[in-house]
Each structure stands twice: as C-alpha cells, then as structure tokens.
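The chain contents come next:
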Amino acid sequence: MQWFPYAVMLALGLLAASADAAPSQLNPQEARHLLVRTGFAPTQAQVQAITGQSAERAVNDILARAKGARPLSPPPGFVALPPPIPYSLLKTQDERQAARQQQLREGLELKTWWMREMIESTAPLQERMTLFWHNHFATSQQKVVRSHAMWNQHQLLRQHALGNFSTLLHAVAKDPAMLVYLDGANSRKEAPNENFAREVMELFTIGEGGGYTEADIKEAARAFTGWSVERDDFSFKFRPAFHDNTNKTLLGKTGNFDGDAALDVMLAQPAAARFVTTKLWKEFVSPKPDEQTVAVVAQRFRASQYDTTTVLRELLLSDAFWAEANRGSLIKSPVDLVVGTVRQFGFSYTDAMPFVLKSAQLGQNLLMPPNVKGWPGYTDWINATSLLERKRFTEQLFRAVEFKAEAGLGMQADANSAMTAPTMPADMQGGNMRQTMMANFSGGASGPASTRAALNLLGREGVMRVAQGMTKITFDSDRFLASYGGHTDREPGLETKQALAHDLLAQAATQNIAPGTVGVAWLRMLTLDPAYQLK
C-alpha cells in the first residue's frame, strides 16, 4: 500500500462514534468542521462569524439560508435560445454530429455556470445538496445530449435541493433527461422497459437488498409505461395509448398503479427512508453509518413525509456528527478540492471553465457521472494518477505566485502580471498553446466524457479562452497571510503555522515543512500534505 492511501486510511480508521453532543457554544475547530461539511472550505472570516454560537442555531441558520438561496449569475446564454431542431429532422450525419457537438459545448457552459455558483455562493449547502442529488439521480449528458434538458434537470434538483424528497422523486421520474437516460421515453405496454423501474428501487429509493424482487421490477415497469417525451420541445408527455392500464402487484400491494402510485408504494417502504438517510450520512457524517442512529433519524425522516431539511438537521445535530473521531474522516471529492481551494484562499478569476476542466480531470466531470450509480466517492477518489494530479493542482496555483514568469505553464496568480491574448507567452500561442492545455488537463480519465474530449470539442477559440482564463487567476498572498499575522517574504512564526495548519488541514499534518520555507511556498507545501485531501 502506498504511503498516501495508508495515511488516509489511518485517519479514516478512527471512526467509532463518541458521545459528543452538539456543542452549546462552537469553538473555532467545531465551527470550521460544520462549515466544511455543509459547504466547501470556509474562510477565516466565515468561521469567526459562527464561533460562539450554539450548534443548533448555526445549523438552523445554514439550513434556512440554503433553502432561500437563489443563483447569483444569470443563466447561460443558450437557455434563452429556442430548442434545437430534432435529430430526426437533420438530413446528414455531418449535420447530426455538428448539432451534437453544439449541445455538448452548451453543456460545458452549464458546467462553468454551476462551478461559478459553487465558488461564489453565500449559501454553499444549497450547492452541495444540488450536487448530492445530481449524484443520487445520476444522469449524463453523454447520452441525453440536449443541453436544455440538462439545464432543466439541474434547475429541478436545485429547486428541491432542501425541499421534499418525495416531491423531488416524482419530478425526476418525469424529467425528460431521466426518461431518455434510463430509456423510459419509449416504454410501452407491449414491451415495458425495466431500466428505470430497476434503478428507481435499487439506487433512488429502497436500495439493493431492501426487499424488492425481480417480479416487483417487472410490475413497476408496467406502471411507468406511457411516460414519454415530446419530440418538438423535449417536455414530458403522457401517452395513454402506451400505458398499461391494468392491475399490478408491487411490493405486496395490488392496484391499477400508474407511475406516481408506484413511486408512492416504494416510498411507503421503511427501507426507503433508511436508504436515503444512509446516503446522506455518508455525505455529511462519516463513511461508516451507525445503524441504530440511522434507524432513529430515518424514522423521523419518514414521519416528516420526507422533508429533506428535517433529516439534515437530525444528522448535523447528531452526536456522531460532532464526534472527534469522525472529523477529517471523509475524502474531498474533486469538486470539494477545486472549489474549496479557490474559496478558502480567495483566488480571483474571470472564467470558471479551467476549474471545470480540472475537476473533470481529477475524476468528477459535472453532468457526466460514470454511470447510473454516480460517482462512488470515498477512497475511489484516490488512485496513483489522481493523487499526483490533485497535488499538481495546488502546486500550479501557488507556484504561479512564486514564479510569475511561469504563468503560461501553471495558473497565473499575480494580478499585475495578468496577460491578455496578444501578450501570452510562447507556450500558450499557436500549437504550443494546445499542447500546454493538453499537458495541464488531459491526465486522468479518457473517452468521450474526458477532459481531453472537452478540449477537442472547444476548438482553437475555446482553448484560447481556457488559456486566457488560466492567466487571469490571481491570489492576494499578502492579504491572506497578513490575516494570520504572516508575510510573503518570511517564514511563518510558530503561532501562524499552527493557525494555518488548523484552518487548512482536517487532521494533523503528516509531513514536516523544511525550516526556512517562506510565505506562499509554505502555504503550497501545506496543501501538498495528505491531510489536505481530507474533510
């Protein structure tokens, strides 16, 4: 076993829940823990703002702000455009291929819009829950293709992110992107398609081993027949002639169920509340749920008629959430790492697309999960390649501050040296620029949903845009270090080192930083510590 996974697993091995109750008065470490888990890496000011509050008050405020949050930026430009011409009306393969590429480019604009929202949101729990539901109801544009459909599904997940799970489930089941992704759009009574029926029980509600059978899958598939998509505007369309209007027996209940009734039968199973609660536990508390606590929380979740805010409040105020052993027990996803780093250090930027590509390179390509199960997460985020690329990401950011002349090879972090296209260095011009972009972003996954494919899709103009965006990323290291009493040209004092380590690392550092390391170099070395990958 390599040293990094060993260090991570050593940290993750201390998972036994303690009797720690939700604090009546948050200290800085507890405040940071809450903000890390309910959002992304917080700033020092955000931690200070809730320090001293009771956990209950802080949790209630976080939930309320997330429920009331609205996007900060206007929608991407393609949203206002009319729906594209249906593929069936395009005459040639070249026309169909060009239309597909345009849809995928628009999808990249949606990813960029969302990345900016995650970085800049003042209510990051809404963004985290939108991302959670995107992974729960995994749908990939690689199959759906339609950018408008992916935008509409994203808005659906965002609208119900902290709302009612039952309402969200019913809406997603009729969502055109989901109907296309799981082949429900063409399901009819003569030949019911079982894909959605299987996944809605295994992955969305009851969970594998929750008590359903193959017969239940077949009966549920009959209930969903007739749910389709209108070709012209890609909206939901119920086609009565295709629906099986006879009795079905599902999970021990018999009736003339349609799709909505079938979903209600699934939600009536106690296993459904347990399954969703368990997934939320793994997202917010620890990798290994405590079954007794899950059972209690799930019962309250079910009693609330599946109110998501209720289950989140229960989990965030549970003893297990505040247990010392569970802090630093989760591994940052690529989005956690990228968004958290940009937010916490206060990096400025003009275009979020480089961050989208970096997250995809590290294994989390928004709108393109690997399959219907979504991203497995936890230790699956870490392998030999992704570990090197994770370290390379923060190293690029901070080395660009230390060595401004390398802006074209890394990410420029000095506002006074920010360059426009005419003054880009030689590495970023012509063919060299494309090679540099490939070197920066093409590691990791391959295939049609890879970052390399995205760069190819962008073409020269798009690659130029990414290159420019990289040169405009800046970091005010003087201001950041000064907030801790440090300086860019000096080695931090002991008190400053301890404060930075507490704020940036979820566990104690596993590596020593060489004496004499100054300013930004010291920050860079701290982010290369394996503990920086934990939350």
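Worth saying up front: this structure is predicted, and the values here are computed from it rather than measured. (Residues numbered from 1 in each chain as written. Predicted model: local features only at pLDDT ≥ 70, side-chain atom pairs only at ≥ 80, totals over all residues. Heavy atoms only, no water.)

**A few points about the nonpolar core**
Item 1. Ranked by size, the top nonpolar core spans 131 residues in total, and within it M129, W133, F137, F224 and M266 carry the most contacts.
Item 2. Tallying contributions element by element places helix α14 (residues 270-284) first for this core, with eight residues.
Item 3. Counting residues in each nonpolar core, the second largest holds five residues, with I331, W375, W381 and L534 among its members. (Core = buried A, V, L, I, M, F, W, Y, C linked by side-chain atoms within 4.5 Å. Buried < 20%, exposed > 50% of the residue type's maximum accessible area, 1.4 Å probe, protein only. Helix = DSSP H or I, 4+ residues; strand = E, 2+ residues; numbered from the N terminus.)

**A closer look at the packing of aromatic side chains**
Item 1. If you walk through the whole model with that rule in mind, you get 23 aromatic pairs.
Item 2. Taking the centre distance of 4.9 Å and the plane angle of 70° together, the rings of F132 and W133 count as edge-to-face. In terms of burial, F132 and W133 fall into one category: buried.
Item 3. Grouping aromatic residues by their ring pairs yields a cluster made of F132, W133, F137, F165, F196, F204, F224, W227, F236, F301 and Y306.
Item 4. Positioned above the aromatic ring of F40 is the side chain of R128, whose terminal nitrogen or guanidinium carbon lies 4.9 Å from the ring centre.
Item 5. When the ring centre of Y181 is taken as reference, the NZ or CZ atom of K143 above it lies at 6.0 Å. (Phe/Tyr/Trp six-rings, centres within 6.5 Å; stacked < 30°, edge-to-face > 60°. Lys NZ or Arg CZ within 6 Å of the ring centre and 35° of its normal.)

**Section: the packing of helix α6 (residues 124-136) against α14**
Item 1. It is the contact of α6 with α14, at a shortest axis distance of 12 Å, that shows an interaxial angle of 125°. Between α6 and α14, the interaxial angle falls into the category oblique. Seen along the crossing, α6 lies across α14 with a hand that is right-handed. Facing L125, R128, M129, F132, W133 and H136 of α6, the residues of α14 in contact are F275, V276, K279, L280, E283 and F284.
Item 2. Its residues assigned to classes, the contact of α6 with α14 comprises eight nonpolar, one polar and three charged. (Axes fitted to C-alpha atoms, helices over the stretch in contact; angles between N-to-C directions. Parallel < 35°, antiparallel > 145°, perpendicular 65-115°, else oblique. Left-handed = near helix turned anticlockwise from the far one by under 90°. Contact = heavy atoms within 4.5 Å. Nonpolar A, V, L, I, M, F, W, Y, C, P; charged D, E, K, R; others polar.)

**Examining unusual backbone geometry**
Item 1. The backbone of L251 sits at a positive phi, close to 50°, despite the residue not being glycine.
Item 2. Overall, the relative accessible area of 16% leaves L251 in the buried class.

**Digging into the pattern of salt bridges**
Item 1. This model, assessed by the stated rule, comprises 26 salt bridges.
Item 2. The partner of D183 in a salt bridge is K143, and the shortest N-O contact between them spans 2.8 Å. Remark: K143 occurs in helix α7 (residues 141-144) and D183 occurs in the loop between α10 (176-181) and α11 (195-204); sequence separation between them is 40 residues.
Item 3. The class of D183 is partly exposed, set by a relative accessible area of 28%.
Item 4. Residue R327 pairs with E324 through a salt bridge whose shortest N-O separation is 3.5 Å.
Item 5. Its relative accessible area of 13% is what places R327 among the buried residues.
Item 6. By relative accessible area, E324 is classed as exposed at 54%.
Item 7. Linked by salt bridges that have partners in common, R128, E283, D336 and K535 make up one network. (Salt bridge = Lys/Arg side-chain N within 4 Å of Asp/Glu carboxyl O.)

**A closer look at the environment of E395**
Item 1. Its place among the elements puts E395 in helix α20 (residues 384-402).
Item 2. Placed 130 residues apart in sequence, E395 and M525 show a C-alpha to C-alpha distance of 8.1 Å.

**Describing the confidence of the model for the protein chain**
Item 1. Here the protein chain shows a mean pLDDT of 90. Residues at 70 or above account for 87%.
Item 2. Considering only residues more than four positions removed or in separate chains, one finds that residues 1-19, a stretch of pLDDT under 50, has 37 contacts.
Item 3. Scored below 50 in pLDDT, residues 404-428 shows 60 contacts in the model against residues more than four places distant or in partner chains. (pLDDT = per-residue confidence, 0-100.)

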